[in-house]
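Survey of secondary and tertiary structure
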Amino acid sequence: MMNPKDKPKGKPIEIELKEEEASGTYANLVMITHSPSEFVFDFISMMPAVKKAKVVKRLVLTPDHAKRL
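Residues numbered from 1 in each chain as written. Predicted model: local features only at pLDDT ≥ 70, side-chain atom pairs only at ≥ 80, totals over all residues. Heavy atoms only, no water.

1. Structural notes on the environment of P63
- Note that P63 resides in helix α2 (residues 63-68).
- When its relative accessible area of 31% is taken as the criterion, P63 is described as partly exposed.
- In sequence terms P63 and H34 are 29 residues apart; their C-alpha atoms lie 8.5 Å from each other.
- Those residues in contact with P63 that sit more than four places away from it in its chain are P36, S37, E38 and F39. (Helix = DSSP H or I, 4+ residues; strand = E, 2+ residues; numbered from the N terminus. Buried < 20%, exposed > 50% of the residue type's maximum accessible area, 1.4 Å probe, protein only. Contact = heavy atoms within 4.5 Å.)

2. Here's the deal with the pairing of strand β1 (residues 29-34)
- Examined bridge by bridge, β1 and strand β2 (residues 39-45) share six bridges and lie antiparallel to one another. Looking at β2, one finds that V30 is bridged to F43.
- Between β1 and β2, which follow one another and run antiparallel, lie four residues. (Pairing = 2+ DSSP bridges.)

3. What to know about the pattern of salt bridges
- For the structure on display, the rule yields three salt bridges.
- Among the salt bridges present, the one from K57 reaches E21, with a minimum N-O distance of 2.8 Å. Placement of the pair is K57 in strand β3 (residues 54-61) and E21 in helix α1 (residues 19-22), with a sequence separation of 36 residues.
- Judged by relative accessible area, K57 falls into the partly exposed class, the value being 32%.
- D42 serves as the salt-bridge partner of R58, at 2.6 Å between the closest nitrogen and oxygen. Here D42 lies in strand β2 and R58 lies in strand β3, a separation of 16 residues in the sequence.
- Note on D42: relative accessible area 12%, which makes it buried. (Salt bridge = Lys/Arg side-chain N within 4 Å of Asp/Glu carboxyl O.)

4. Considering the environment of L69
- Locating L69 in the fold gives a position in the segment after α2.
- In this structure, L69 is in contact with F41 and L61, ignoring residues within four places of it in sequence.

5. Some words on the confidence of the model for the chain
- Per-residue confidence for the chain gives a mean pLDDT of 90, with 88% of residues at or over 70.
- Per-element confidence in the chain ranges from a low mean pLDDT of 92 for α1 to a high of 97 for β2. (pLDDT = per-residue confidence, 0-100.)

This is the structure:
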């Protein structure tokens, strides 16, 4: 973890959050798969009494970023 006294090096990152993403996406289940080079997080919305679930978001990360998450 970064010490609060440490200052990030380089230029600050400008992050854009699109309006359609700002409200978020509902998911009540996540399935995680991985290989030596990547982790895949499938966020799923599963409703009661419905036999079919839907992947609503997929996030692909390097192992190093998955560890930080």
